[in-house]
Amino acid sequence: IGPGCDPFAQTQRSKLQHRRARINQQINKEMRMRAGAENLFRATTNNKVRETVALELSFVNSNLQLLKEELEELNSNMEAYQMDSEAVNVPMIPLGLKETKEVDFTVSVQDFICEHYGEDSSLYDKEIKELIELRQAMRTPSRNQAGLELLMEYYNQLYYLDQRFFPAHRNLGVQFHWYDSLTGVPSCQRALAFEKGSVLFNIGALYTQIGARQDRSAACGIDRAIDAFQRAAGAFNYLKENFSNAPSLDMSCPSLCMLVRLMVAQVQECVFERVTLTTQDTHFTSQLCLAQEAARVSDVYLLVQQTMTQPLMKDYVPFSWASMVQVKSEHFRALSHYYAAVALCDHVSTLSECEIRSQEAEKAYLQFYVNVPAGPPLCQILRDPEKRRKLGKAHLRRAVIRHEEAMRVHSLCKILRKMDILQDVLSLTHKRSLDKYSELDREDDFDETAEAPEIQSHTHWKPDITPPNFSTVQVTDIFQRLGPLSVFCARARWGPVRLICLQRREGGLGLTLRGDSPVLVAGVVPGGCAEEAGLREGDYIVAVDGQDCKWAKHGEVVHMLKSCSDRGVEISVVTLHSYDTQVRKGICVCACVCQVERRAIVPSHGSDKENTRQRLLSGAKGQSSASLLNWNRKKKREGSGVTKRIGSTFSLSFGSIRDTEAMY
């Protein structure tokens, strides 16, 4: 198990997480106080008491507002996640991890093992400790591939935990406490799907931090940032499409939609930086390409800005995030006009120029604008240096206006004003456009500068939303000693273990065996040794002479039975009484279990089933009952990527197949 980060390490990022955790705890305390005061205010009829409570409520609300502002400032701290580099790049927006309280599975899991599986729970202390340590480690993942693998390992392990200890008709009794990533508001539920969703959210958040820390002054760093942001978008999108009724706002559909669009916009920004880095020439078509790429970045940030101003998001998204997105939208729109001006004014077209290049330039230019501008044809403008100068000057005028708007929005946000890198980028690009404008301006320019047409955005590298690949991290079921999931799972019900003493006779033991892991008693001979000892058709053999054989192959069990001494053999068996065959959109639950060997396996992407139980789950203290929301998978399902276990008594009748069946 990966140890995670040292929680006491005094790095800038860990200090940030410690402060977030402290504020989350204070918010939780204030919300409990507010809930108690509101209940007292509603319950009492004494005016003096009501006045005192109202005063107390005003203090509590004031404290909550101050804590919210402090947390917002921490969440807006983008510089802690950026790469220390001399390169001047616009900072990216990372996401802080969701905080969670410690969870002690010990009592709940022990009780379930004792009650449901009928085993001595003390024998599984090592497994319970391993689970608790894994969860504790994933609370502080390192900001690298090892941290991602740690989160993915725990996420995959939750699949087995669900199958082992979470039956459909009841819950385990374990409370999962998580804090909202942006507001710090606590949520508490017993649903394992809430735990899975929160871990998946942190996988996406960690990818944003990894993307933000890349050195984007080189192509390899840009490529790593693109990959990280695409994977972050994939994690948030998977969460949005597969879960509903989130108990916290950061995992609600509007919030996840905003985060997906933000990540896609940051990918598009990285694409522009890569195109800029690899475009060394000053050819006309190359500069037009840069202008359209910049316009594309501006468009996607404008879409993010519109998403952030939706009713639910407007008061939720940090002001610095909204300001940064608006600054970037204006900044890249200014860059698109700047590169358009450079293409027009630095382009030289003569009759002696290569005819093919001229035709390519004209074709690219005809597709450059959203609408064809009024006036002379574009091909004529391209061949007239004076007309190109005037149109380039118009583009620069719009570029300067957009630069100034970006700087104005930047100056309104206290947190952005502290970011020197952003200030440098905005100032340098603004000065560059002004210098170019001065270079084109002439004293005899008495004509009013025309309005530059709107540039058609276009990209040669469309961002991908990369869904999480759960199979990249191989895991072994921590509680595999309980037996194969095909039989020994939370949804199966069986009788107590029975001890059968068999004495070999001339006709053998009088039983027919079938299957592997565990071996099934497919039949007993009437009047034979097995029937007289109490063995029944449908029993599963779990031990022979005290040796556990839940995972044993057919041949191994046969060998153990044949090796018995003259005094006979003792076998332990269980009878499967029922199996919860709750159908979920045409896919039987029993199709989810496919582990038939003692080996390390990983749940496939398609077979990963979340909790879909519809029951009222307790919410965070301090929240009204109206805010208690179920956390469940959406009805939309992917095709099951698993297979039924051949020969299991709850999926096929005894007589349906006869593979590896023989009498002993």
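Before any of the text, the structure's been laid out above.
Residues numbered from 1 in each chain as written. Predicted model: local features only at pLDDT ≥ 70, side-chain atom pairs only at ≥ 80, totals over all residues. Heavy atoms only, no water.

**Student:** Got a minute to help me understand the pattern of salt bridges in this structure?
**Tutor:** Any two side chains of opposite charge can pair if their charged atoms end up close together. Evaluation of the coordinates by the stated rule reveals 24 salt bridges. A salt bridge links Arg274 to Asp223, with the nearest nitrogen and oxygen atoms 2.6 Å apart. Taken together, the positions of Arg274 in helix H8 (residues 253-278) and Asp223 in helix H7 (residues 219-242) put the pair 51 residues apart, joining distant regions of the chain. Here Arg274 falls in the partly exposed class, since its relative accessible area comes to 22%. Arg333 is paired through a salt bridge with Glu454; the nearest N and O atoms lie 3.3 Å apart. Of the two residues, Arg333 is situated in helix H11 (residues 319-345) and Glu454 in the loop between helix H16 (420-440) and strand E4 (492-494); the sequence distance between them amounts to 121 residues. By relative accessible area, which is 31% here, Glu454 ends up partly exposed. Taken together, the shared-partner salt bridges in this structure form one network comprising Asp299, Arg333, Arg397, Arg398, Glu451 and Glu454. (Salt bridge = Lys/Arg side-chain N within 4 Å of Asp/Glu carboxyl O. Helix = DSSP H or I, 4+ residues; strand = E, 2+ residues; numbered from the N terminus. Buried < 20%, exposed > 50% of the residue type's maximum accessible area, 1.4 Å probe, protein only.)

**Student:** Which parts of the structure should I look at to understand the pairing of strand E7 (residues 519-524)?
**Tutor:** Across a regular strand the side chains alternate sides, sitting on one face of the sheet and then on the other. Within E7, five of the six residues are buried, leaving the element largely enclosed by the surrounding structure. Pairing geometry for strand E6 (residues 511-514) and E7, over four bridges, is antiparallel. Opposite Thr512, over in E7, you have Gly523 as the bridge partner. Adjacent in sequence and paired antiparallel, E6 and E7 are bridged by four residues, among which Gly515 carries a positive phi angle near 80°. (Pairing = 2+ DSSP bridges.)

**Student:** Looking at this structure, I do not really get the packing of H11 against helix H14 (residues 385-412). What am I missing?
**Tutor:** For any two helices packed against each other, one specifies the inter-axial angle together with the distance between the axes. With their axes 8 Å apart at the nearest point, H11 and H14 run at an angle of 165° to one another. By the angle between their directions, the pair H11 and H14 is classed as roughly antiparallel. The element H11 and its partner H14 pack so that their crossing is left-handed. Of the residues that constitute the contact of H11 with H14, the class distribution is 15 nonpolar, eight polar and seven charged. (Axes fitted to C-alpha atoms, helices over the stretch in contact; angles between N-to-C directions. Parallel < 35°, antiparallel > 145°, perpendicular 65-115°, else oblique. Left-handed = near helix turned anticlockwise from the far one by under 90°. Nonpolar A, V, L, I, M, F, W, Y, C, P; charged D, E, K, R; others polar.)

**Student:** What should I look at first to understand the packing of aromatic side chains in this one?
**Tutor:** In this description, a pair of aromatic rings is defined by centroid distance and the angle of the planes. One pass over the full model with this rule turns up 13 aromatic pairs. For the ring pair Tyr155 and Phe470, a centre distance of 4.7 Å and an interplane angle of 10° mean the geometry is stacked. With Tyr155 in helix H5 (residues 145-165) and Phe470 in the loop between H16 and E4, the pair connects residues that are 315 residues apart, well separated along the chain. Side by side, Tyr155 and Phe470 carry an identical accessibility label, which is buried. Taking 5.4 Å as the distance between ring centres and 70° as the angle between the ring planes, the aromatic pair formed by Tyr338 and Tyr339 counts as edge-to-face. Accessibility expressed as a relative area gives 9% for Tyr339, which makes it buried. The structure contains a cluster of three or more aromatic residues connected by ring pairs, namely Phe112, Tyr117, Phe165 and Phe479. (Phe/Tyr/Trp six-rings, centres within 6.5 Å; stacked < 30°, edge-to-face > 60°.)

**Student:** Which parts of the structure should I look at to understand the side chain of Gln292?
**Tutor:** Inspection of the secondary structure puts Gln292 in helix H9 (residues 284-308). In contact with Gln292, other than residues within four places in its own chain, are Gln367, Phe368, Ile455, Gln456, Ser457 and His458. (Contact = heavy atoms within 4.5 Å.)

**Student:** Could you clarify how one ought to interpret the environment of Leu259 in this entry?
**Tutor:** Mapped onto the elements of the fold, Leu259 is located in helix H8. Residues Leu259 and Val304, 45 residues apart in the sequence, show an inter-C-alpha distance of 8.5 Å. Every residue in contact with Leu259, bar those within four places of it in the chain, is listed here: Leu95, Phe201, Phe236, Asp250 and Trp321.

**Student:** Hey, could you run me through unusual backbone geometry in this one?
**Tutor:** Negative phi characterises most residues that are not glycine, and trans characterises most peptide bonds. In this structure, Pro518 follows Ser517 across a cis peptide bond, with omega equal to -5°. Along the polypeptide, Pro518 turns up in the loop between E6 and E7. Of note in the backbone geometry, Ser517 takes a positive phi value of approximately 45° without being a glycine. Position of Ser517 relative to the elements: it lies in the loop between E6 and E7. In this structure, Asp545 takes a positive phi of about 50° despite not being glycine. Looking at the element boundaries, Asp545 is found in the loop between strand E8 (539-544) and strand E9 (547-548).

**Student:** I would appreciate a short explanation of the environment of Thr278 in the present structure.
**Tutor:** By the secondary structure assignment, Thr278 is in helix H8. Measuring from C-alpha to C-alpha, the distance between Thr278 and Ala218 comes to 9.7 Å, with 60 residues separating the pair along the chain. A polar contact of 2.9 Å, which involves the side chain of Thr278, links it to the backbone oxygen of Arg274. There is a polar contact of 3.3 Å between the side chain of Thr278 and the backbone oxygen of Val275. (Polar contact = N/O pair within 3.5 Å; in protein donor to acceptor, adjacent residues only side chain to side chain.)

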